[in-house]
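Residues per chain are reported as follows:
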Amino acid sequence: MRTVYVNGDYLPEDQAKISIFDRGFLMADAVYEVTMVLDGKLCDFDGHLARLTRSLAELDIPMPMDVAQLEAIHRELITRNKLDEGGIYMHITRGAHDRDFLWPANLTPSLVMFTQARKCIDTPAAQRGISVITAPDIRWGRRDIKTPQLLGAALAKQAARLAGADDAWFVEEGLITEGSSNNAWIVTEDGTLITRHLSTHILHGITRAALLRYAAEVQLKIEERPFTIGEAQSAREAFVTSAGLLVCPVVQIDGHPIGTGKPGPITQRLRTLYIEESRKAAR
């Protein structure tokens, strides 16, 4: 049984409780982050904390404690749960108050964290690639804020499952925005990497940002711009990035094979590069 953290206490997971009046539960008035753990170390933690700080500021939710304390809780959970590979989920809400659209001043934020042990490196998805369907982007307009308003993503993932696919890519005005829980990329015939530019339309992915740095260092050509379903289907390769999937090949879109229909060499190179650099930088 896992040890989890809830508002100052480390508890067995079956003893963890949160108020039914918490605004995160009632209104999705909250933000979250998931930090990957490799070899018992935190990957890109500074990037996740920077995005967390930005998300909280956009919603005017105060930080529940300073960054050093948040990091210490992450490390304590790794130790208590003997986590070698997986992730740590951190969830901060505005706090608890009787149900109302408005909230009183000076609410005390709620903080919940827990570990999830899972394979990140040697996974079937990375070896065989994943298939995706396209789906209308029905999410709210501030996708750059990492909130738990994930019903649109959940419905898209369920639609993918029912269609016999692994995931979904959202489409808005004929253009791919991003995956249901990841950033979307394609590789053109000349080897150029294309991924949508940052805006309120997509989540500012931490893995995305790291991969852009690493790709630039090995002198791959990069374009940050929207692309169409047709461009994706005719691409040489496609892949997604996220803290859970790292760099994962996409081999089929709406039943149409991408390239050879197998993970491509550029995607595989980037995945290896990302894992190597992440392990070096993890702490």
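Criteria and thresholds
Residues numbered from 1 in each chain as written. Predicted model: local features only at pLDDT ≥ 70, side-chain atom pairs only at ≥ 80, totals over all residues. Heavy atoms only, no water. Salt bridge = Lys/Arg side-chain N within 4 Å of Asp/Glu carboxyl O. Helix = DSSP H or I, 4+ residues; strand = E, 2+ residues; numbered from the N terminus. Buried < 20%, exposed > 50% of the residue type's maximum accessible area, 1.4 Å probe, protein only. Expected span 1.5 Å × (residues − 1). Axes fitted to C-alpha atoms, helices over the stretch in contact; angles between N-to-C directions. Parallel < 35°, antiparallel > 145°, perpendicular 65-115°, else oblique. Contact = heavy atoms within 4.5 Å. Nonpolar A, V, L, I, M, F, W, Y, C, P; charged D, E, K, R; others polar. Pairing = 2+ DSSP bridges. Core = buried A, V, L, I, M, F, W, Y, C linked by side-chain atoms within 4.5 Å.

> In this structure, what is going on with the pattern of salt bridges? I would like to understand it.
Opposite charge on two side chains permits them to pair, given that their charged atoms come into close proximity. As enumerated under the stated definition, the model contains 22 salt bridges in all. Among the ionic pairs, Glu 178 bridges to Arg 139, the shortest N-O distance being 2.9 Å. On the criterion of sequence distance, the pair formed by Glu 178 in strand S9 (residues 175-179) and Arg 139 in the loop between strand S7 (130-136) and helix H5 (151-162) is long-range, its members being 39 residues apart. No difference in accessibility class separates Glu 178 from Arg 139, as the two residues are buried. Here Arg 225 ties to Glu 231 by a salt bridge, and the two come within 3.0 Å at their closest N and O atoms. Note on Arg 225: relative accessible area 27%, which makes it partly exposed. Owing to a relative accessible area of 29%, Glu 231 belongs among the partly exposed residues under this scheme. If you follow the salt bridges from partner to partner, you end up with Asp 137, Arg 139, Arg 143, Glu 172 and Glu 178 in one network.

> How should H5 be read in this particular structure?
Helical periodicity: at 3.6 residues per turn, an α-helix aligns residues three or four positions apart in one direction. Counted at 1.5 Å a residue, the expected span for H5 with its 12 residues is 16 Å, and the 16 Å between its end C-alpha atoms agrees. Positive backbone phi, at 80°, marks Gly 164, one or two positions downstream of H5.

> Sorry if this is basic, but what is going on with the packing of helix H6 (residues 206-217) against helix H8 (residues 265-281) here?
When two helices pack together, their arrangement is captured by the angle between the axes and the distance separating the axes. Here H6 crosses H8 at 105°, and the two axes come no closer than 10 Å. Here H6 is positioned roughly perpendicular relative to H8, judged by the angle of their axes. Residues Thr 207, Ala 210, Leu 211, Tyr 214 and Ala 215 of H6 pack against Leu 270, Leu 273, Tyr 274, Glu 277 and Ser 278 of H8. For the contact of H6 with H8, the class distribution of residues is 7 nonpolar, 2 polar and 1 charged.

> Even after reading the chapter, I still don't get H8, so can you show me in this structure?
The end-to-end C-alpha distance of H8, which contains 17 residues, comes to 24 Å, matching closely the 24 Å that a straight helix rising 1.5 Å per residue would cover. For H8, every residue scored as buried is listed here: Ile 266, Thr 267, Leu 270, Arg 271, Leu 273, Tyr 274, Ile 275 and Ser 278.

> How should the environment of Phe 114 be read in this particular structure?
In this structure, Phe 114 sits in strand S6 (residues 110-117). Looking at Phe 114, the relative accessible area reads 23%, which means it is partly exposed. Through-space distance from the C-alpha of Phe 114 to that of Arg 2 is 7.9 Å; in sequence the pair is 112 residues apart. Excluding anything up to four places from it in sequence, Phe 114 contacts Arg 2, Val 4, Leu 77, Gly 87, Ile 88 and Tyr 89.

> Just to check I follow, could you spell out the sheet that holds strand S4 (residues 41-42) for this structure?
The strands that make up a sheet are held in pairs by hydrogen bonds between backbone atoms, and each pair lies either parallel or antiparallel. Spatial ordering of the open sheet is given by S2-S1-S6-S5-S3-S4, a layout of 6 strands whose pairing is antiparallel. Among the strands making up the open sheet, the edge pair consists of strand S2 (9-12) and S4.

> Sorry, what's going on with the side chain of Ser 278 here?
Mapped onto the secondary structure, Ser 278 falls in helix H8. For Ser 278, a relative accessible area of 6% puts it in the buried group. Apart from the residues lying within four places of it in its own chain, the contact partners of Ser 278 are Met 36, Cys 43 and Tyr 214.

> Would you explain the nonpolar core in this entry?
Proteins that are soluble and globular tend to have nonpolar side chains buried together. One finds Met 36, Leu 193, Leu 211, Phe 239, Leu 246, Leu 270 and Tyr 274 to be the most contacted residues of the largest nonpolar core, which totals 23 residues. Elements with a minimum of two residues in this core: strand S3 (30-38), strand S10 (183-187), H6, strand S14 (246-253) and H8. Apart from the residues lying within four places of it in its own chain, the contact partners of Leu 211 are Trp 185, Phe 239, Thr 241, Val 247, Leu 270 and Tyr 274. Ranked by size, the runner-up nonpolar core spans 22 residues in total, among them Leu 42, Phe 45, Leu 49 and Leu 70.

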